[in-house]
Structure formats: C-alpha cells, structure tokens
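Architecture and fold: a report
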Amino acid sequence: MDSSNTNCYGQVHFRFLTKLQPPFKVPPTSIAVPANLTRMGLSEIVNLLLKNINPDLHSTPFDFLIDGELIRMPMEQFLHIKGISVEKVLEIEYIRAVAPQKQGDSSLHDDWVSAVDGTDKRFVLTGCYDNLARIWKHGSLCTHILQGHNGAVTAVKLIDNKGNSTGDEIFIATGAKDKTLKLWMVKFYAAEYAHYPVKMSAFNSLKGHASSVQCISANNFGDMLCSGSWDSSIKLWRVGSKGDGDSVPVKRRRLIAEEEESHEGESIAEFVGHTQCVSSIVWPDSQTIYSASWDHSIRSWDVQSGKAVWNMVCGKALNCLDIGGEGSVLVAAGGSDHVLRVWDPRKPGTLATTFQFSSHSSWISACKWHSRSTFHLLSASYDGKVMLWDLRTAWPLAKIDSHDDKVLCADWWKDDSVISGGADSKLFISSGISIS
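Here is a short report on the structure shown in this document.

The rules behind the values
- Residues numbered from 1 in each chain as written.
- Predicted model: local features only at pLDDT ≥ 70, side-chain atom pairs only at ≥ 80, totals over all residues.
- Heavy atoms only, no water.
- Pairing = 2+ DSSP bridges.
- Helix = DSSP H or I, 4+ residues; strand = E, 2+ residues; numbered from the N terminus.
- Contact = heavy atoms within 4.5 Å.
- Axes fitted to C-alpha atoms, helices over the stretch in contact; angles between N-to-C directions.
- Buried < 20%, exposed > 50% of the residue type's maximum accessible area, 1.4 Å probe, protein only.
- Core = buried A, V, L, I, M, F, W, Y, C linked by side-chain atoms within 4.5 Å.
- Expected span 1.5 Å × (residues − 1).
- Polar contact = N/O pair within 3.5 Å; in protein donor to acceptor, adjacent residues only side chain to side chain.
- Salt bridge = Lys/Arg side-chain N within 4 Å of Asp/Glu carboxyl O.

1. Looking at the sheet that holds strand β4 (residues 69–70)
Strand order in this open sheet of 5 strands is β2-β1-β5-β3-β4, and the pairing throughout is mixed. What marks the edges here is a single partner per strand, and that holds for β2 (30–34) and β4. Strand direction decides the pairing type here: strand β1 (residues 11–17) and strand β5 (residues 90–96), joined by 4 bridges, are parallel. Counterpart to R15 in the pairing with β5 is E91. The sheet strands contacting helix α1 (residues 39–53) are β1, β2, β3 (62–66) and β5, and the helix crosses β3 at an angle near 110°.

2. As for the pairing of strand β8 (residues 113–117)
Side-chain direction in a regular strand flips from residue to residue, so the side chains alternate between the two faces of the sheet. With respect to burial, β8 is a largely interior element, 5 of its 5 residues being buried. Linking two consecutive strands that pair antiparallel, namely β8 and strand β9 (residues 123–128), is a turn of 5 residues.

3. Re the nonpolar core
Of all hydrophobic cores here, the largest spans 26 residues; its most connected members are F16, F64, I66 and I92. Elements represented by at least two residues in this core include exactly β1, α1, β3, α2 (75–82) and β5. Top contributing element to this core by residue count: α1, with 4 residues. Within the second largest apolar cluster, 18 residues are counted, among which are L70, A398, V407 and W412.

4. A short note on α1
Spacing of three or four residues puts side chains on the same side of an α-helix, whose turn is 3.6 residues. Its 15 residues place the ends of α1 21 Å apart at the C-alpha level, agreeing with the 21 Å of an ideal helix rising 1.5 Å per residue. Within α1, burial applies to G41, L42, S43, I45, V46, N47 and L50. In this structure, the buried side of α1 is in contact with β1, β2, β3, α2 and β5.

5. Description of the side chain of S430
Locating S430 in the fold gives a position in strand β37 (residues 426–431). Reaching out from S430, the side chain makes a polar contact with the side chain of Q103 at a distance of 2.9 Å. When residues no more than four places from it in sequence are discounted, the contact partners of S430 are P100, K102, Q103, I400, S402, D416, S417 and V418.

6. Observations regarding the pattern of salt bridges
This model, assessed by the stated rule, comprises 15 salt bridges. Note that R134 and D110 form a salt bridge whose closest N and O atoms lie 3.6 Å from each other. Here R134, found in strand β10 (residues 133–137), pairs with D110, found in the loop between β7 (107–108) and β8; they are 24 residues apart in sequence, far enough to count as distant. Its salt-bridge partner being D390, residue R392 comes within 2.8 Å of it at the nearest N-O pair. Side by side, R392 and D390 carry an identical accessibility label, which is buried. Through salt bridges with shared partners, a single network forms among R39, D63 and R72.

Given below as structure tokens:
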C-alpha cells in the first residue's frame, strides 16, 4: 500500500472497533493509515491484523462506518465532506460486507417468472406466465407444480406458516390474470410424492375481482388474505380451514371423481379508494394493510373499518411496496422511474422521503426489507439488476447482474440469499450474503 500519494491529511490515526465475535476482532489499539485509502484498503488492513492473530483465517471483505455512516468513497474525501477532524484518534467500526459470495445455476421456466416467495427456508415458491406456480426444493429441484389457473400467475404467497420450518403441510395462495385466487395445501415430505414433480390442484378458488389479480398478502394468523387487482380494488378473504378441502395430485383427483370441482369462496370485504391498478399490498399487523397503486398513491387501511387512514401521493405509478426498517414502520416503494424511495409515516405533516436510492436505470419492479435488519433492503428493476441497500449510505452495497432481461420479482431467502425471477424465464439464487 503506497502512502506517498496522500493529500493534506497525510495519515490518519484509527482505532478499529467491531461488534463481530472472535475470530473477527482486532486489538483496540490505534494505528496510522494513509488518508487516501478506500474501503478496499481498509479491509486489507483489518485482514492483515486478523491474520497476525490467526494465520489460518481466510480473508473476509469488510465495510466501514464512521459516526454510523458507511464509507463509500476514499477516506480523505469522506472526512472532508463530513468535516471530521483528524487531530484525534478516530474510531471506525467494521462489519462484514454485504454482497453475494455465490451465484447458483438458474432454474429455467417455460415463460416469464413473475412472482417469488422465499418465506420458507426449505424451498422457493414461484409464479409464472405459463399459468403455473412451482415449488423448488432447496431452490433447484421442482417438486410440485400447482396447476389450475387460466392465466399468468402474478402473485404467490406462503401462508399459515407460523414460522414452522419443519411441518409437512404447507399452505399457499396464488393470484392470476384469470381474476381468481386459488388456495393449495401441499404435503411437502409425503412419501407418495417421490416421483417429482407432482402436479397439484387447488382445494379452493376465490372469485370476485373484475380484472387480473396483481398482489396477495396475508395476516399474521394465516386465517385471512387480502388481494389487489387491476380493477382498482382491495378484497379481503377468509381462508378456509384445512378440513375444508385438500389439494391432491391431479391424477388422483380425476380418479376420485371426474366431475369434482374446487370449492369456491367469496370476499368478505372490499376496500375502495384507488383509481388504478393496486400493484402491491402488505399486511404487516392485524389492524393495518398498506397498498401501492398505479394511481401514484400509497395508502394504509384500517382493517376493521375499511377506511384509508393514510394517503400519500408520490407522483409516480408504483409497482412495489414493503414495510420494515426501524420499528417495522418505514415504507419502501418503487415504480415508473429509477428511484427507490423510503418514507417514515411517523413524521407528521410532510410527504418528503426519508431516503432515496437512484442507482437503477429503469423502472423498479420489486423491493423487500430484510427480516432481521433495520438497515437492509433489496430492489429489482427492469434494467436487469437486483441491488442491495443499506440506509446508512446512498450507494448500493452490491449489484447482482444475473438476468438477461427485465427482473420482475425478488425476495430474500434463508436470511443470506436473494432470489429473483425475470423476463428471461429464469429463477436465480445469489447466496452467501452476510447481514450483521
């Protein structure tokens, strides 16, 4: 590392601190480093210090924070912009860099992959423009094909999970361009399904929308669903009990009764207020539903009254929405420009964004908060990229450039992976992402 090409700062004295556990802790003594180092150079120094303690330790990429802000530029430039004095020893915190370490092989579909769900660590759930939903064990083996829709599957949701990652029964809701939602019960580990993929048929069909179903969410109890549609409405549905019907292999259903049809359900409530497609919907707590629309608005709805209690117009048609961050109340949304925006509804009297991220070059199709972090979220775009973000910097932590066409959907999976589907008909999994 050449320290001769430094500006007026010359060298800076740092003390490296971390919340990481051994073997990733360096001694808390101060050292002098060239002021023109980037985070790459700082990472190299920390790894050298760690190898002095444990020579067998593999190099690990790190990111660095000063006063709670990530450094994404040369150190001297950061210190100058922030007006930070170098007359004393500066404390700099290091964390694991957030970037995928492995890119898996793609799982090819027959058409656009329009929806993904990574709720369960055992499998990935996808929806496709070939009218089918699929379950991918370990993200790579297609074990079940959910067939029955007469239009492209645009929304998939694992419900009634209760955080149980070992149960055999999984409960799934799908929505499609055929204006319906369908409910499925799949016995994931059933021995009779050894010859994969097994084709399943739904046990319930929910009808009532006048146009394509675009999005689905469920309450935390798993007994109710909400859906948004191109008919501009939001509908609530009561999920039938597991005894109301069973998803069974298509072949067996036909053997049991050629004329047998799925049960049908009707919505129990309708929320009206949006004037164009309801593109995204989230049900983060029992009393509140959030929705985003092509009418440029984000609304929160009181479940009991069906009334909109918060209405924010952002000036862009919106494609995606998620709730998370500090206090699980920050609203992230993206749409018909390249900017991912974050609002804090706790700040009354203002519609100004709290954070803006503008590294994409086309429409944003998906955004999702990480379930274990108040800082991290992802976005996907028609520019073919998935980007990982941290609220402590305006620059993306990582750009995942796996797809050959528009990215239509994305989600976190197993805490350390990102799943994405696109117009290239592929499901990709990027893993080895460390969120601390």
